[in-house]
Amino acid sequence: MNELEPIFKFFKNRGWKPFPFQEEAWKAFLEGESGLLHIPTGSGKTYAAVMGPMARFLAQPGKKGLKALYLTPLRALTRDLELALNEPIKQENWSFKIASRTGDTSYSQKKSQFNNPPDLLLTTPESLAVMISQPEAEEIFSQLQVVILDEWHELMASKRGSLCELSLSYLRTVNPELQTWALSASIGNLQEAAQVAVGRSQEPRIISGSSDRNLALDCLLPEKIDRFPWTGHLGLVLRESLVEELDPEVSTLIFTNTRSQAERWYENILTLRPEMEPVMALHHSSLDREEREAIEEGVKEGSLKWVVCTSSLDLGVDFQPVERVVQIGSPKMIARMIQRAGRSAHRPGGKSRLLFVPTNSWEILELEAVKKAIKEKHIESRKPLKKPIDVLLQHMMTLACGPGLRMDELSLALKETYSFNEITHEELQWCRRFLTSGGETLKAYPQFRKLEMDEETGKYRPADARIAKLHRMSIGTIASRESVQVSYTNRSKIGSVEESFISKLRKGDIFRFGGKKLEFVMLKDMTAYVRASKMPTNAIPSWDGGRFPISETLGEAFREVLNEKHPGLDKFLSPLLQTQRKMSVLPSPDVLLMETWASKQGSHLFVYPFEGRSVHEGLAQLWGYRFARREPTTFQFSLNDYGFEMIGPEGYDFKKLFDADFFSDDQLVEEIGQSLQIGQLSQRQFREIAKIAGLVFTGYPGSPKTGRQMQISSSLLYEVFRKHEPNNLLIRQSFDEVLANSLESGRMRKTLQRLSQMEIRWVQLESPSPLSFPLVVETIATSNMSNETFENKIARLKKSWEKQNTKSGRDHESSPSR
């Protein structure tokens, strides 16, 4: 194609040869197709997506206006992409303009982009929604030809993905010929992901390719394996071994799963290698943006060598100097492991190297499960949300503020989306009444009458300018806990921590944050003022929502590898696996292990579905409800990614009371509602929904509302709706989200069905087995009221149980029940 000549010339001048998948993508775009590029991280998918549109636009030099949108999930990616995409423009002297627009873009720049739009705009889903909310929206997007969705796997299964779908549905009403291309490095349901991106009426083209990227996954093993592991105990034991493995000259990202872990590992590594402080950094999402950007720049320039980080560096920021990645603890998802490994050697043909540091002995087998799944090409699927009404209400307000809201046009547009194609006429009319009059419950309050009909145009518009202004300030679906800014007394910012952590501090208390020891001075206007300290401390902020449950795909692979051979590891793993076999049974994909144990605390039941914490929480509560219906009592629970523990009173006979009805899913939702304080969970979830739907204003920039104010506002609304409008769609949504997200009820149903087909092995333990030991430790951790330290108590009990196990030998009851 002649249109591609400038692109081939650029590649030739750089000494490059396009990959076949890149040429295929360019030609598919120029032929008018839409679809998904499924290409490994760092293999050239950005040029695959962008060069086709560039070729077309260069062939149409006189056509002015915004022609392409490139949506990324992170602001930081827009900066990198702008630099990368400007390289060929400068080198080849192309007449082509690129700009970025995020929440950090100045007002003058944004105004300039409206008056003199770029050819291609790099932006985020939220900034796109703000653009649609402008009165000039139709004019801005009138020349738009293509939308590119980067890291689509990260967006699609969230409310941000639903927001993207709604924005795209509007853009397609402006230009029905609009092309859409999604980019993803790691996703299991390619066809569905592609279809969600392009809309229901188009047939997507899926282009997969690879530039021979290699992935090396190694495990840092302890000197000997612990037969009775518990969560987190092994990780810090290996810190000295890890530091020996790290090369001061090799740029390395050290990933942890939570911000608290990142803080602890940064401190521990720095304690062992203090000379690395000038070239070492800590990076997570709660640190100040300027600090994070400085660290990212240091990595790109090569001036920083070791960076301890979280998912804040998971996505596409191009760190070419990085040659190695360390993962501390299981990432709980195969896709996440691939994504993080891909941060190293982030270039076509590079070999990604990842060193895995297990935090307990069972995680060594989790890595084997990850390797098995990658080899068999089993990657997690991501599913679009179904009918998040809060996001729809926000979009309706966005349309009203911008081009104007017509209900007939909206109804047609929604049919093309995946998230909202099943919305009923009644539900859509409920949303209209909610925004125009406050709905059935809030109609007496003028502030909830947000929209008015413009009889001349037949469109709904904001009732006044203030409503439009407040809406534009509130656009977005990213939910975050109420946080407090942390600043030095000279007002220089460090970052933010959750309000609940700061509320427990007294003046003079020392805590560690951002890799620094800080002394709390005072709290004023939602800012915690601190000064630097040299005093020792173990206090580190904790953040909710940071704990990943094991994915369904990884859980399945883990069940399979438990009984498989592991070349090079069998001898090392033997003490752990043989001890489990000796004391109990090693589960297999066809065998459900259920262990019982009697202790001073009471009767214990251990069950091992290997389905992750969220599913196990729901199952434990559900089974507790079912046991209590047979013989009333109260239970104590503990759980992890492998199984759950139920503790009943002394002599409680779990085995005698158990029957096949425990696997029933007939009344699952109703019984979950009975077994859990579902109302409290639903009310907590409603706080997020109320913010997104615009019911609760979060405050003006620089003066946000406190968490207490937000809680009071949303709780009052929740109670009013629950009492006076029980069928309120937002109340129903809060209940559905608790079931789907917090408890993974869909996955729980599948688990019950799978377990019902398995052979049950009951084993009476004399002391905790290697699989049950971590669950016992979880219980002790939450109820340790003695003056004995937690670690000393675990060591003492472990020694006692190991001695008991050695004496008793293999003496257990093992009998299949079907």
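**Q** If you had to explain the pattern of salt bridges to someone new, which residues and values would you point to?
**A** Counted according to the given criterion, the structure contains 40 salt bridges. A salt bridge links lysine 159 to glutamate 688; the nearest nitrogen and oxygen atoms lie 3.3 Å apart. One end of the pair, lysine 159, is in helix α9 (residues 159–174); the other, glutamate 688, is in helix α27 (residues 678–693), with 529 residues separating them in the sequence. Note on lysine 159: relative accessible area 8%, which makes it buried. Note on glutamate 688: relative accessible area 23%, which makes it partly exposed. Put simply, glutamate 611 and arginine 754 hold a salt bridge, and the shortest N to O gap is 3.1 Å. Of this pair, glutamate 611 sits in the loop between β22 (602–607) and α24 (613–630) while arginine 754 sits in helix α30 (residues 745–756), and the two are 143 residues apart along the sequence.

**Q** Report on the pairing of strand β16 (residues 483–488), specifying residues and quantitative values.
**A** Pairing analysis gives five bridges linking β16 to strand β17 (residues 493–498), with the strands arranged antiparallel. Bridged to glutamine 485 within β17 is serine 496. Direction of pairing for β16 relative to strand β20 (residues 527–532): parallel, over a ladder of four bridges. Considered in β20, the bridge of valine 486 is made with alanine 528.

**Q** Can you explain the sheet that holds strand β1 (residues 35–38)? Please cite residues and give values.
**A** In a beta sheet, neighbouring strands pair by backbone hydrogen bonds and run either parallel or antiparallel. Read from one edge of the open sheet, seven strands run β3-β4-β2-β5-β6-β1-β7, paired in parallel fashion. Bordering the open sheet on either side are β3 (98–101) and β7 (205–208), each of which pairs with just one other strand. Pairwise comparison of adjacent strand axes, ignoring direction, gives a mean angle of 20 degrees for this sheet. Note: β3 against strand β4 (residues 120–123), four bridges, orientation parallel. Bridge pairing in β4 places arginine 101 opposite threonine 123. Across the face of the sheet, helix α5 (residues 107–115) comes into contact with β3 and β4 while running at roughly 130 degrees to β3.

What counts as what
- Residues numbered from 1 in each chain as written.
- Predicted model: local features only at pLDDT ≥ 70, side-chain atom pairs only at ≥ 80, totals over all residues.
- Heavy atoms only, no water.
- Salt bridge = Lys/Arg side-chain N within 4 Å of Asp/Glu carboxyl O.
- Helix = DSSP H or I, 4+ residues; strand = E, 2+ residues; numbered from the N terminus.
- Buried < 20%, exposed > 50% of the residue type's maximum accessible area, 1.4 Å probe, protein only.
- Pairing = 2+ DSSP bridges.
- Axes fitted to C-alpha atoms, helices over the stretch in contact; angles between N-to-C directions.
- Contact = heavy atoms within 4.5 Å.

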